[in-house]
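Below, each chain spelled out in residue letters.
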Amino acid sequence: MIGQAQVEARVPETDGSQPILFPEGLLGFPEVKRYDLVELPKARPFKWLRAPGGEPCFVVVDPREFRPDYTVAVPASDLDVLGLEQPSDAEIYALVVIPEDPSRISANLRGPLVINRRKGLGKQVILLSSAFSTRHLIRDELCRSAGQAVER
Amino acid sequence: MLVLTRKPRESIVIGDDVEVTVVEVRGDQVRIGIEAPRSLAVFRKEIYQEIKEANLRAAESARVSLERLAGLLPEALARGKEPSRVETG
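Because the structure is a prediction, the values reported are computed rather than measured. (Residues numbered from 1 in each chain as written. Chains lettered and ligands numbered in written order. Predicted model: local features only at pLDDT ≥ 70, side-chain atom pairs only at ≥ 80, totals over all residues. Heavy atoms only, no water.)

Caption draft 1: Region of the structure containing the overall build of chain A. Counting its secondary structure elements, chain A contains three helices and nine strands. Put simply, chain A has 152 residues, and 51% of those count as buried. Sequence-distant contacts, at least 24 apart, represent 54% of the contacts inside chain A between residues at least 6 apart. Element-wise, carbon and sulfur atoms account for 51% of the exposed surface of chain A, whose accessible area totals about 7400 Å². (Helix = DSSP H or I, 4+ residues; strand = E, 2+ residues; numbered from the N terminus. Buried < 20%, exposed > 50% of the residue type's maximum accessible area, 1.4 Å probe, protein only. Contact = heavy atoms within 4.5 Å. Areas by Shrake-Rupley, 256 points an atom, 1.4 Å probe, with all protein chains shown as cover.)

Caption draft 2: Spotlight on the confidence of the model for chain B. Of the residues in chain B, 82% have a pLDDT of 70 or more, and the chain-wide mean is 83. Confidence drops under a pLDDT of 50 for residues 82–89 of chain B, and excluding neighbours within four residues, the segment shows seven contacts in the predicted structure. (pLDDT = per-residue confidence, 0-100.)

Caption draft 3: Up close: the sheet that holds strand β1 (residues 11–14) of chain B. All names here are of chain B. The strand order across the open sheet built from three strands is β1-β2-β3, with neighbouring strands paired in antiparallel fashion. Only two strands of the sheet have a single partner each, and these edge strands are β1 and β3 (29–35). The average undirected angle you get between the axes of adjacent strands in this sheet is 25°. (Pairing = 2+ DSSP bridges. Axes fitted to C-alpha atoms, helices over the stretch in contact; angles between N-to-C directions.)

Caption draft 4: Structural view of the pairing of β1(B). Residue and element names in this part refer to chain B. Pairing geometry for β1 and strand β2 (residues 18–26), over four bridges, is antiparallel. Note on β2: the bridge partner recorded for Ile14 is Val18. Adjacent in sequence and paired antiparallel, β1 and β2 are bridged by three residues, among which Gly15 carries a positive phi angle near 65°.

Caption draft 5: Molecular detail of the packing of aromatic side chains. All names here are of chain A. A full pass over the atoms with the stated rule returns five aromatic pairs over all chains. Seen from their ring centres, Phe29 and Phe58 are 5.5 Å apart, and the 85° between their planes marks the pair as edge-to-face. Highlighted residues: Phe29 in the loop between β1 (17–21) and β2 (34–39) and Phe58 in strand β4 (residues 57–61), separated in sequence by 29 residues. The buried category is assigned to Phe29, whose relative accessible area is 11%. Using a relative accessible area of 0% as the deciding quantity, one classes Phe58 as buried. An angle of 70° between the planes, with centres 4.8 Å apart, marks the rings of Tyr70 and Phe132 as edge-to-face. With Tyr70 in the loop between β4 and α2 (76–81) and Phe132 in the loop between β8 (121–124) and β9 (136–137), the pair connects residues that are 62 residues apart, well separated along the chain. Pairwise contacts between aromatic rings join Phe22, Phe29, Tyr35 and Phe58 into one cluster. (Phe/Tyr/Trp six-rings, centres within 6.5 Å; stacked < 30°, edge-to-face > 60°.)

Caption draft 6: Structural view of the pairing of strand β5 (residues 91–97) of chain A. Residues and elements named next belong to chain A. When you tally the buried positions in β5, you get six out of seven residues, the bulk of the element. Two elements, β4 and β5, share three bridges in a ladder whose sense is antiparallel. When the bridges of β5 are listed, Val59 appears paired with Val96. With three bridges joining them, β5 and strand β7 (residues 113–116) adopt antiparallel strand pairing. Among the inter-strand pairings, Ile92 is bridged to a residue of β7, identified as Val114. Where β5 and strand β6 (residues 106–107) come together, two bridges link them in antiparallel fashion. Among the inter-strand pairings, Val96 is bridged to a residue of β6, identified as Ala107.

Laid out in structure tokens, this is it:
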């Protein structure tokens, strides 16, 4: 389609990427240590975390986009793995699950990715607290942070 | 698997710096104390398993075209943000 081609010519598919080394891999993918964090101008604020071969690939988002009060208590040992001098230097991403019904898009807030972009290092951190689960519906979180109950 | 029998308050030592103590046995529940260096992650197995499965689901569901992503994701954010604008405006 010509129209679509024109749109894509104006908006690039991706807008740069940075290699991130996960020395311990991600749970379920222990053998994959290297990923690229890919900016997606058309799907902001979502990004790809993609192995150089293309698989595995994850859609990730900073949870604070929909959950402003989200914080991660990064254990001291993990700060060392990440070469982080202070937690505020870290970027935080949640892995997103996209089902057929887009209103059911969810994010894993229990096992966030903590990334030190300056050093290109990352780690999936498991939160000790059960305050967050592996499946938060983004829609519900947005309604919640707006101070409204979700009504059906 | 190495299987050892222990009584409450008895321990097992793993390597130089990990100690696992049976704190209490009550019915079908056992309370276990673990002393280990901070560099060692200690979790209930269920949460490991849960996050592993969540990662696999995330990888599976990310196999969608960028066109679908571009259409769906901002919509999901925008749709939820509408009440926020109503609330503050």
